[in-house]
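# Examination of the molecular architecture
Single-letter residue listing:
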Amino acid sequence: MTPAKLLLFASLTAFACAQAPTAKELESVYPDAHALYLDLHQNPELSAHETQTAAKLAARLRGAGYDVTEHVGGTGIVAILKNGAGPTIMLRTELDALPVEEKTGLSYASKVHAKDDAGRDVPVMHACGHDVHMASLLGTAEIMAHSKDTWHGTLMLIGQPAEETISGAKGMIGDGLFTRFPKPDVAVALHVGNEQPAGVVAVTPGVYNTNSDSIRITIYGKGGHGASPHTTVDPIVIAARTVLTLQTIASREVKPGELAIVTIGYLHAGLKNNIIPDQAEMGLTVRTYKQDVRQQVLAAITRITKAEAAAAGAPREPSIDRYEGTDSVYNDPALAQRLRAPLEAALGKDKVVIGEPITPSEDFSYFVEQGVPGFYFSLGGVDPDKFAQARAAGTHLPSNHSPLFAPDVDPALHTGITAEVAVLRNLLNTSTEDLHKLKAEKPSH
Ligand SMILES: [Zn+2]
Ligand SMILES: [Zn+2]
């Protein structure tokens, strides 16, 4: 390296290091963040019902000096901190928990029950770790508010409801997230999980997760006596054949190596053993990475379902209803490349890894589709010793949505806050023009 290059490298490194929060900054906010975590973990709320959760987060952010608007797209909140000229950077957390009964045995395990939208009594648990995300966002918010001399621009923090039902992002956008408030130049989010040990973050440039489609199929037959099948058209037999033929889409139709998941999560038909019912219903989830594979799989589902019904002489075509869906989250590659440096400077080079795309889906993609480049990264959540043991034994640790999901909170939360502050300070020290130059075109994938 020439002396001039060495000097540039040294100053860039020093600059990146300066973006990480100091140990003093981190420890000054950690008790607040951890207390909020424990409170939220013990008081989880279902999707679109996060009223107390939103109120608690809103109050803390207001206390930290943010200009907070509540009830954006339902229970959503938007917290703005203006700090001179510069870009607008959004950091998002989800607010919702899941209908899961916690079985972690932790002293702070959730014992909450609530009524779901169908009026059933269900247990509620932060089984996806959104409580970690909210606590991390609070710690980050406090550090950013206390260190306005280290960045400039507008920081926009959002608490998004109903991620688990893939409706909250859409709801906030529909309620003017990007028109009533500044439209961000970059949107950032993280997700805690069991793919990495606590202390590590994973960055996945390009496609981060899957396109998701939810489909409801109703097969119509002709009901009658179970002892007189010749007078009926049995929808259960049609459904059984349909289930098996649908499994040939991934194995026989889609090119080997391309991801295509077709899961039939329920199949409901009939009430009594000696009655042939007149219809059968099934629910599917379909996951793909690429748009063309997605269209191929959805077309094949329609073709097979109609053909199986026709083959059986069904009196009516089946109804095929795609009632929910979201696109894959796309990480702008130039942005992902750029943000590795501050993450490595903040956490250590060996603590920032390149992650593989994952199969669960997420509605963060709605923000990206509004023309906002996204940076969505993974936060390791597993006790490092348990992670090493599981890897050596070839076993799987409880994943998100499991009743046993229990992030190793102290290291995960410290890492989450450190990573968020480093990323935000980096972006909020860049000119809007330079951020726009980074904006790569989304390829048709
Ligand atoms: Zn989840
Ligand atoms: Zn989640």
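Given the structure is predicted, the values throughout are model-derived calculations rather than measurements.

### Observations concerning the environment of Lys56
- Along the chain, the position of Lys56 falls in helix α3 (residues 51-63).
- Given the relative accessible area of 21%, Lys56 is considered partly exposed.
- Sequence spacing of Lys56 and Leu36 is 20 residues, and the spatial spacing of their C-alpha atoms is 8.4 Å.

### Quick word on the coordination of the zinc ion (ligand 1)
- Looking at the zinc ion (ligand 1), the protein donor atoms are Cys128 (SG), Glu164 (OE), Glu164 (OE) and His401 (NE2), and they sit 2.1 to 2.7 Å from it.
- Ordering the donors of the zinc ion (ligand 1) by residue number gives the pattern C-x35-E-x236-H.
- If you look at the zinc ion (ligand 1) and the zinc ion (ligand 2), they sit 3.1 Å from each other and are both ligated by Cys128. In this pair, Glu164 sits in the loop between β6 (153-160) and α5 (168-174) while His401 sits in the loop between α10 (384-393) and α11 (409-427), placing the two residues 237 residues apart along the sequence.
- Judged by its relative accessible area of 39%, His401 falls in the partly exposed class.

### Observations concerning the layout of surface pockets
- The computed volume of the largest pocket comes to approximately 1,300 Å³.
- Forming the walls of the largest pocket are 48 residues, and the residues nearest its centre are Leu98, Glu164, Thr165, Ile166 and His401.
- Those elements giving two or more residues to the lining of the largest pocket turn out to be β7 (186-197), β10 (211-220), β12 (260-269), β14 (279-288), β15 (319-326) and β18 (374-382).
- For the lining of the largest pocket, the leading source of residues is β7, giving five residues.
- Tallied by class, the residues present in the lining of the largest pocket amount to 17 nonpolar, 21 polar and ten charged.

### Side note on the environment of Thr288
- Tracing the sequence through the fold places Thr288 in strand β14.
- The spatial distance from the C-alpha of Thr288 to the C-alpha of Ser328 is 8.3 Å, given a sequence separation of 40 residues.
- The residues contacting Thr288, other than those within four sequence positions of it, are Thr210, Asn211, Leu259, Ala260, Val293, Arg294 and Val297.

### A look at the packing of helix α2 (residues 23-42) against α3
- Relative orientation of the contacting elements α2 and α3 amounts to 170°, with a least axis distance of 11 Å. Taken together, α2 and α3 sit at an angle that is classed as roughly antiparallel. Where α2 approaches α3, its residues Asp32, Leu36, Asp39 and Leu40 are matched on the opposing element by Thr53, Lys56, Leu57 and Arg60.
- The residue inventory of the contact of α2 with α3, partitioned by class, reads three nonpolar, one polar and four charged.

Each value, and the rule that gives it
- Residues numbered from 1 in each chain as written.
- Chains lettered and ligands numbered in written order.
- Predicted model: local features only at pLDDT ≥ 70, side-chain atom pairs only at ≥ 80, totals over all residues.
- Heavy atoms only, no water.
- Helix = DSSP H or I, 4+ residues; strand = E, 2+ residues; numbered from the N terminus.
- Buried < 20%, exposed > 50% of the residue type's maximum accessible area, 1.4 Å probe, protein only.
- Donors = N, O, S within 2.8 Å, 3.2 Å for Na, K, Ca; no water.
- 1 Å grid on protein atoms, 1.4 Å probe; cavity = no way out; pocket = protein on both sides within 12 Å on 5 of 7 lines; lining within 4 Å.
- Points joined across faces, edges and corners; volume = space filled by probe spheres on them.
- Nonpolar A, V, L, I, M, F, W, Y, C, P; charged D, E, K, R; others polar.
- Contact = heavy atoms within 4.5 Å.
- Axes fitted to C-alpha atoms, helices over the stretch in contact; angles between N-to-C directions.
- Parallel < 35°, antiparallel > 145°, perpendicular 65-115°, else oblique.

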